[in-house]
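# Descriptive structure summary
Each chain, letter by letter, is given below.
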Amino acid sequence: MAYFPRLGNYMLRFLERMRPSSQVPAVRRQAAAVNAPDLARDRFFLLELPDAGLAHFTLCGDYGEGGTDWSALAARDPRLEAFLLAPGRTYSLCVPAVPGSGYRGRILAARLHQHLLQQLSRDPFRQCELRRLLCYSPDSRSGITEKGFILWDPHDCLEIQRALQGLLFACETPRPQMGMFKADHSGLLWQRLWELPGVVGDKGGTFRVVPTEEPPLHPLVPELPITVVFPNLEETRKVFEECIPFIPEAKEILNLVDKCPKNLQKGRFPVIVIEGLDATGKTTVTEKVSKALRAVFLKSPPPCVSQWRKIFDDEPTIIRRAYYSLGNYIMASEIAKQSTQAPVIIDRYWHSTAAYAIATEISGLPHHLPPAHHSVYQWPQDLLRPDIVLLLTVNPEERIHRILGRGMHKTKEEIELENNELFREKVEISYQRMENPSCHTVDANPNRKVVIATVLNIIRKHCASL
Ligand SMILES: Nc1ncnc2c1ncn2[C@@H]1O[C@H](COP(=O)(O)OP(=O)(O)O)[C@@H](O)[C@H]1O
Ligand SMILES: Nc1ccn([C@@H]2O[C@H](COP(=O)(O)OP(=O)(O)O)[C@@H](O)[C@H]2O)c(=O)n1
């Protein structure tokens, strides 16, 4: 996610010149081969570059410490150097995870991360460039990742340093960890951790920045089921329970969930879901098709929870996703009831919740998404299944044309979609990887009449009773 595209042309041109072909540069391969890092802590980092590429590095040994064969580690990743040593000053900030603190710890860390993002988007930081940083363990099974930022101040202002110090002082412990990057006389890259004056237990230290190989799986993939694509109602519930102390509306939603009957069964009429990116024509199709089939039309999130949508849209992803997941479970009881009387057509359901969550969380290029058949693409065992899901697709130009024609309020994600074709691609790939049920893709570029006829045709073929 490009928070601020202002680093812009200078950096992109520089990276373009420096970037090797798609192969891993020889120096990086060498680094990985010799890389048995004498790490103070076993921490690796992932930095999102301006071109959506991902650079990985680790921190190695104390500056001046004897015994390390630096020549063996004299590897360079020009992309990292270009970014971390751009003229001015570059800082890193990381929100620490509290191991063993479960959803509560994750939610508190996510809220602190969001708070920092909001602060760093204001004055005096507006003149800086902000990018996402992820700290992870090379043993991806450990599942403890920490989120943070790289902040580039092109003017190296004292005001920025002071403001950062103030920001850290104002945080409760465990405080975000902060570092500054610099090059030594031979051009090697170092990170110095900040010690806050007068703060007991704050450890400083200087570490060599060593590029590492990209791991086979994006480090956030293993923890998707506990951060954004919750596998069942029980897990989603746990997230929401932790929110009650600071979002009272979470309790109201849980009360609605508790009122829903358990072990829901679908009625004898078919249940049809229409999915797709914003402005692909879902509303147009669902309205017309429900008339043609005399079906009941439902939209998720359901009206009984949509009054609180804005509150949860403004929360960090873990909370926002739990909200949409619970919305699906609440809607399932309405689907069960209505499908005893008539066919049911639904504008968005589980596939939207999962596909948007995956695409938002997984940074980088589409090949960083979880591989096909991953558990995050499976329908939750305890959520009422539809008979058929249709995925409307339109080409990017036509979609933008339709969005502009509509000119309505857009969610943050929708604005992101307009700005970021890459994100759009990742949502669509995630939709297409969904399983049990998978999506029937419909080309929704033609005019309304043609699209509606195609959709009706597919539904009638699939649902014999219609
Ligand atoms: N097949 C189509 N051809 C041209 N315009 C369309 C078509 N389907 C929908 N539209 C228009 O595109 C805009 C977005 O459609 P809408 O049904 O609201 O999409 P969604 O519900 O997926 O966001 C609306 O202005 C709608 O009238
Ligand atoms: N079942 C659902 C429905 C919506 N959503 C979220 O809601 C957003 C779009 O909802 P919307 O009602 O504005 O959709 P459109 O009618 O604009 O296509 C997406 O960004 C999804 O993240 C979800 O996650 N799960």
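Residues numbered from 1 in each chain as written. Chains lettered and ligands numbered in written order. Predicted model: local features only at pLDDT ≥ 70, side-chain atom pairs only at ≥ 80, totals over all residues. Heavy atoms only, no water.

Two side chains carrying opposite charge are able to pair once their charged atoms lie near each other. Within this structure, the stated rule accounts for 20 salt bridges. Residues R111 and E315 are paired through a salt bridge, measuring 3.0 Å at the closest nitrogen-oxygen approach. With R111 in helix α4 (residues 102-120) and E315 in the loop between α11 (309-313) and α12 (317-338), this pair connects stretches of sequence that are 204 residues apart. K238 is the partner of E235 in a salt bridge, and the nearest nitrogen-oxygen pair spans 2.9 Å. On the criterion of helical spacing, the pair formed by E235 and K238 is a turn pair, its members being 3 residues apart in helix α7 (residues 233-243). The partly exposed category is assigned to K238, whose relative accessible area is 34%. (Salt bridge = Lys/Arg side-chain N within 4 Å of Asp/Glu carboxyl O. Helix = DSSP H or I, 4+ residues; strand = E, 2+ residues; numbered from the N terminus. Buried < 20%, exposed > 50% of the residue type's maximum accessible area, 1.4 Å probe, protein only.)

Let us now look at the packing of aromatic side chains. Counting across every chain of the model gives 10 aromatic pairs. Judged by centre distance (5.1 Å) and plane angle (15°), the rings of F45 and F57 are stacked. Taken as a pair, F45 in strand β1 (residues 44-48) and F57 in strand β2 (residues 54-62) lie far apart in primary sequence, 12 residues in all. Of the two residues, F45 and F57, neither departs from the other in class, the shared state being buried. Ring geometry for F240 versus F312: centroids 5.2 Å apart, planes at 20°, classification stacked. Placement of the pair is F240 in helix α7 and F312 in helix α11, with a sequence separation of 72 residues. Taking relative accessible area as the criterion, F312 reaches 0% and is therefore assigned buried. (Phe/Tyr/Trp six-rings, centres within 6.5 Å; stacked < 30°, edge-to-face > 60°.)

Turning our attention to the site of ligand 1. Looking at ligand 1, there are 15 residues lining it, with A279, K282, T283, T284 and R406 nearest. D278 places a side-chain nitrogen or oxygen 3.3 Å from an oxygen atom of ligand 1. Within the side chain of K282, one N or O atom sits 2.8 Å away from an oxygen atom of ligand 1. Look at ligand 1: alone it shows 560 Å² of surface, and the protein chains cover 80% of it. Counting only elements with at least two residues in the shell around ligand 1, the list comes to α9 (282-292), α14 (396-406) and α17 (448-462). Split into classes, the residues belonging to the shell around ligand 1 amount to 4 nonpolar, 5 polar and 6 charged. (Near = heavy atom within 4 Å. Polar contact = N/O pair within 3.5 Å; in protein donor to acceptor, adjacent residues only side chain to side chain. Areas by Shrake-Rupley, 256 points an atom, 1.4 Å probe, with all protein chains shown as cover. Nonpolar A, V, L, I, M, F, W, Y, C, P; charged D, E, K, R; others polar.)

Domain boundaries in the protein define domain 1 (5-219) and domain 2 (230-462). Each partner contributes to the interface: domain 1 provides 16 residues, whereas domain 2 provides 22 residues. If you sort the residues of domain 1 by the area they bury against domain 2, Y103, I107 and R111 come out on top, with a joint share of 37%. At the junction of domain 1 with domain 2, the criterion picks out 3 salt bridges. For E242, the salt bridge goes to R104, with nearest N and O atoms at 2.8 Å. Along the contact surface separating domain 1 from domain 2 lie 8 residue pairs in polar contact (both at pLDDT 80 or more). Mapped onto the side of domain 1 that touches domain 2, the elements with two or more residues apiece are β1 and α4. With 7 residues, α4 is the single largest residue contributor to the side of domain 1 that touches domain 2. Here the residues of the side of domain 1 that touches domain 2 sort into 7 nonpolar, 2 polar and 7 charged. (Domains from an automatic or database assignment. Contact = heavy atoms within 4.5 Å. Buried area = accessible area lost by both parts, 1.4 Å probe.)

Right, let's talk about the sheet that holds strand β12 (residues 388-393) for a bit. One key point about sheets: their strands pair by backbone hydrogen bonds, in either a parallel or an antiparallel sense. Spatial ordering of the open sheet is given by β10-β11-β9-β12-β13, a layout of 5 strands whose pairing is parallel. With one partner strand each, in any of the chains shown, β10 (296-299) and β13 (439-443) form the two edges of the open sheet. Going from strand to strand, the sheet's axes swing by 25° on average, the running direction of each strand aside. Examined bridge by bridge, β12 and β13 share 5 bridges and lie parallel to one another. Among the inter-strand pairings, L390 is bridged to a residue of β13, identified as H440. α9 contacts β9 (271-276), β10, β11 (344-347) and β12 of the sheet and is inclined by roughly 170° relative to β11. Against the sheet, helix α13 (residues 350-361) makes contact with β9, β12 and β13, and its axis sits at roughly 25° relative to β9, the strand it touches most. (Pairing = 2+ DSSP bridges. Axes fitted to C-alpha atoms, helices over the stretch in contact; angles between N-to-C directions.)

The next thing to look at is the pairing of β12. Extensive coverage of β12 is indicated by the burial of 6 of its 6 residues. Neither face of β12 is left uncovered, since the one carrying I388, L390 and L392 and the one carrying V389, L391 and T393 both have all their residues buried. In terms of strand pairing, β9 meets β12 through 5 bridges, oriented parallel. For E275, the partnering residue across the bridge sits in β12 and is L391.

Time to look at the pairing of strand β6 (residues 177-183). Bridge count for strand β3 (residues 89-94) against β6 is 4 bridges, and the pairing is antiparallel. Bridging across to β6, Y91 finds its partner in M180. Here β6 pairs with strand β7 (residues 189-193) via 5 bridges, running antiparallel. Residue pairing in the sheet places M180 in a bridge with R192 of β7. If you look at the hairpin formed by β6 and β7, you'll find 5 residues sitting between the two strands, and G187 has a positive phi there, around 85°.

Two residues of an α-helix separated by three or four positions point the same way, owing to the 3.6 residues in each turn. Three or more residues of α7 are buried, namely E235, T236, R237, V239, F240 and C243. Residues of α7 that are buried sit in contact with α4, α8 (249-259), α11 and α12. Residue N232 occupies the N-cap position of α7, its side-chain oxygen lying 3.2 Å from the main-chain nitrogen of E234.

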